[in-house]
Protein chains: 2
Amino acid sequence: MPQTGNRLLADVSLPAAVIHEPALAHNLTWMQRFADAHGARLAPHGKTTMAPALFQRQLDAGAWGITLATAPQCRAAFAHGVMRLLMANQLVGEANMAIIADLVEAGADIYCVVDSAENVGQLGRYFAARGLRLKVLIELGVEGGRCGCRDQDEVMALGELVDSEQSLVLAGLEGYEGVVYGDDPVQAVRAYAWHLVEAAQALDHDGLIESPAPLITASGSAWYDLIAKVLQEARLGAHFVPVLRPGCYVVHDHGIYREAQRDVLGRRPELDRGLKPALEVFAQVVSLPEPGLAIVGLGKRDIAHDQLPEPLRRYREGGEAERVLPVDGWRVTRLMDQHAFVALPRDEELVAFNGRVRVGDIIAFGASHPCLTFDKWRRLCRVNEALAVEEVIATCF
Amino acid sequence: MPQTGNRLLADVSLPAAVIHEPALAHNLTWMQRFADAHGARLAPHGKTTMAPALFQRQLDAGAWGITLATAPQCRAAFAHGVMRLLMANQLVGEANMAIIADLVEAGADIYCVVDSAENVGQLGRYFAARGLRLKVLIELGVEGGRCGCRDQDEVMALGELVDSEQSLVLAGLEGYEGVVYGDDPVQAVRAYAWHLVEAAQALDHDGLIESPAPLITASGSAWYDLIAKVLQEARLGAHFVPVLRPGCYVVHDHGIYREAQRDVLGRRPELDRGLKPALEVFAQVVSLPEPGLAIVGLGKRDIAHDQLPEPLRRYREGGEAERVLPVDGWRVTRLMDQHAFVALPRDEELVAFNGRVRVGDIIAFGASHPCLTFDKWRRLCRVNEALAVEEVIATCF
């Protein structure tokens, strides 16, 4: 983090996680416009970043609320001023219920998810004892998926049960298409989205939804275009509030979501260029012990490691942002807790093209899955195009 | 973390990381005795836990100092009262040098590692400009390994160079056997340990070591017995201070280090029963959506995931610690950010033996590689045998 100055390439202890402002600003606007164009509200998944400063940027850009995954995450977001919270997960355990009940008492507009009679009973008793009412969404899943009722019959039976609990308010339907698979995944996700629509309409038809503005909500960061389109085509807008919940879009990535976004743009060529990767980790070469090998001070403690990170660019320590050196042919071969093994090309032309590598050279790395990079850091550096640190962004994992 | 009471099974928001005091206390004593019995000092690797309360327990048990991997880690340990710090890593980048220089000025007894002429020059210039002297150890590595000089000639040449820098004090030799491989790994590690001894003696013979009590240090958490034995057999004690640096021993694990410890005890049957796993993550069943499937509120955000975690025991929420329910045949099949998929046995006898599973049941999970569980948590619960929380232990990653 900044010591005496704000130059990422000179004043900041590396490794450091870096968010590029131009790409961040672009992504914030891009996804909000996408939701607006589909008549949907945006409740970005906050678990991706757990960074209140980014929640505020998302709300300022027009987000309807923030989605979260756990009770402590909701508490942290509320403590930083987020008033509308969608906990897209089951609320289980009295210690977690106590956290959410405290937020309800403090005035939070909060929604949780239910998918079992057992949990409905637990919540009903707990919130009745506290003299509070909790808004819940029923989760519709799929056979072989994660949580959620497996079909509409289960949804309706659970709706009756929620209706019978005085302390629970049925406020709509929730789903997550990221665990829906099939030989034709696009068709499988579309079919699932239509099942969500039908189940929501059935609950509504039977008078089981108590909330005057019920939610219908789904979508992670890979298939949001399909969910948005079905919810738009279903013309639920008059009665339901369609809510999209992508999270990773805010900084995008250099891995699975870059792939997913290519598919989105393939399906929707009319969409503008799309999201830009905004999150990188900068680290330094610490040793050049053998020809063809650089050891970099970057490890599993610093960056997502479901896939090996990708060297993107190189700078001299103390250099200027525009003096970019190439890393052509560089490849991470192994990641330990605090070190990356980087294989350097041995081809003479490429070695000459890349220029001499020095101990201290700074490498920008990209990774797949931003959630698992954010959770490595208590503070990230938001930088401008000149790689000057404009803000130190805190996380609250 | 504790809400109104201190009962892990009733009052604590789950998932939570848990350290069992009896196993922790056992491990602290066990490893200190091991080092003492070999005439070595113990500088436990602090990067494993980054928990100052555990550093203090290690120092109270007799540790000579704390090993760390980065300049910010050294700063954090020193801020919590650790006065002797072994940074078993190269010190690269002026922002990192500034952190270490500040610690030297503040009175820390600190050692860093060098393995290249380039870095020796950088450090020499920086510390000269600050008017300070830095104690460095030369790293000896192996061909195909990580950092470090590749042979004794390189070590000697670097020793001459350090000697020529007025601001650097050569204080010994450092190695890490965890990246040494061979058809016979035991022989390869032993041979490497003897190379360390020979290189240290050669530096000493040539009068290149300036420190009056130079260090010879190696050992991670898998081969510490081999290193300790060679350093003992070499009888360096009169002049050198042998320092062992295992880190994971303090809480041990349910994976790679359990395997490694079996090998240690196989090689050294006279050693008493050995280390005990002390670190677990407790999480709750959030959904039972299909026969044979439990979804648990435990994800990559909560536990090391190089290997899938292992269900160990089960409790009812609000129950007593001694009322342990079985998890025979339970198996984690997939881990997402915040959810684990657990396959439950379908065999009727086993289902009957395990008893009915409920939403809210609490599962204790073990994992491989404690470093990558600790870094998921800002606070861990240290519990007694009754699973009452005795201390909330903060980390400073």
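Bear in mind the structure is a predicted one, so any value in this text is a computation, not a measurement.

A. Inspection of the environment of G255 of chain B at higher detail. Residue and element names in this part refer to chain B. Within the secondary structure, G255 sits in the loop between β9 (241-244) and α9 (256-267). Residue class for G255 comes out buried when judged on its relative accessible area of 7%. Separated by 86 residues in sequence, G255 and F341 have C-alpha atoms that sit 19 Å apart.

B. Focus on the sheet that holds strand β7 (residues 168-174) of chain B. Residue and element names in this part refer to chain B. The strand order across the open sheet built from eight strands is β2-β9-β8-β7-β6-β5-β4-β3, with neighbouring strands paired in parallel fashion. Looking at strand neighbours, the two that pair on one side only are β2 (41-42) and β3 (66-68), the edges of this open sheet. In this structure, strand β8 (residues 215-218) lies alongside β9, joined through four bridges in parallel fashion. Bridging from a neighbouring strand, L215 pairs with V241 of β9.

C. Broad picture of the UniProt feature "domain: D-serine dehydratase-like" (unreviewed entry) in chain A. The sites that carry the UniProt feature "domain: D-serine dehydratase-like" (unreviewed entry) are, in the present numbering, residues 278-384 of chain A. What you have in residues 278-384 of chain A is 10% helix and 38% strand, and the ends, taken at the C-alpha atoms, are 11 Å apart.

D. Seen up close, the sheet that holds strand β9 (residues 241-244) of chain A. Residues and elements named next belong to chain A. Read from one edge to the other, the open sheet built from eight strands follows the order β2-β9-β8-β7-β6-β5-β4-β3, with strand pairing classed as parallel. Every other strand in the sheet has two partners, leaving β2 (41-42) and β3 (66-68) as the edge strands with one partner each. Bridging between strand β4 (residues 84-90) and strand β5 (residues 109-114) involves four bridges; their strand directions are parallel. In the strand pairing of β5, L86 is matched with Y111. Contacts from helix α3 (residues 71-79) reach β3, β4 and β5 within the one sheet, and its direction differs from that of β4 by about 170°. Its contacts with the sheet put helix α5 (residues 117-129) on β4, β5, β6 (134-139) and β7 (168-174), and the angle it makes with β5 is roughly 145°.

E. Seen up close, the pattern of salt bridges. All names here are of chain A. Under the criterion given, the structure shown has 48 salt bridges over all chains. For R7, the salt bridge identified is with D11, shortest N-O distance 3.0 Å. Taking the relative accessible area as the measure of exposure, D11 reaches 7% and is therefore buried. Salt-bridge contacts for R268 lead to E270; the nearest nitrogen and oxygen are separated by 2.7 Å. A residue is classified by how much of its surface remains accessible, and E270, at 55% relative accessible area, is exposed. One salt-bridge network, in which partners are shared between bridges, spans E21, R57, R382, E390 and E391.

Each value, and the rule that gives it
Residues numbered from 1 in each chain as written. Chains lettered and ligands numbered in written order. Predicted model: local features only at pLDDT ≥ 70, side-chain atom pairs only at ≥ 80, totals over all residues. Heavy atoms only, no water. Helix = DSSP H or I, 4+ residues; strand = E, 2+ residues; numbered from the N terminus. Buried < 20%, exposed > 50% of the residue type's maximum accessible area, 1.4 Å probe, protein only. Pairing = 2+ DSSP bridges. UniProt positions renumbered as here; feature names shortened; annotations may be inferred. Contact = heavy atoms within 4.5 Å. Axes fitted to C-alpha atoms, helices over the stretch in contact; angles between N-to-C directions. Salt bridge = Lys/Arg side-chain N within 4 Å of Asp/Glu carboxyl O.

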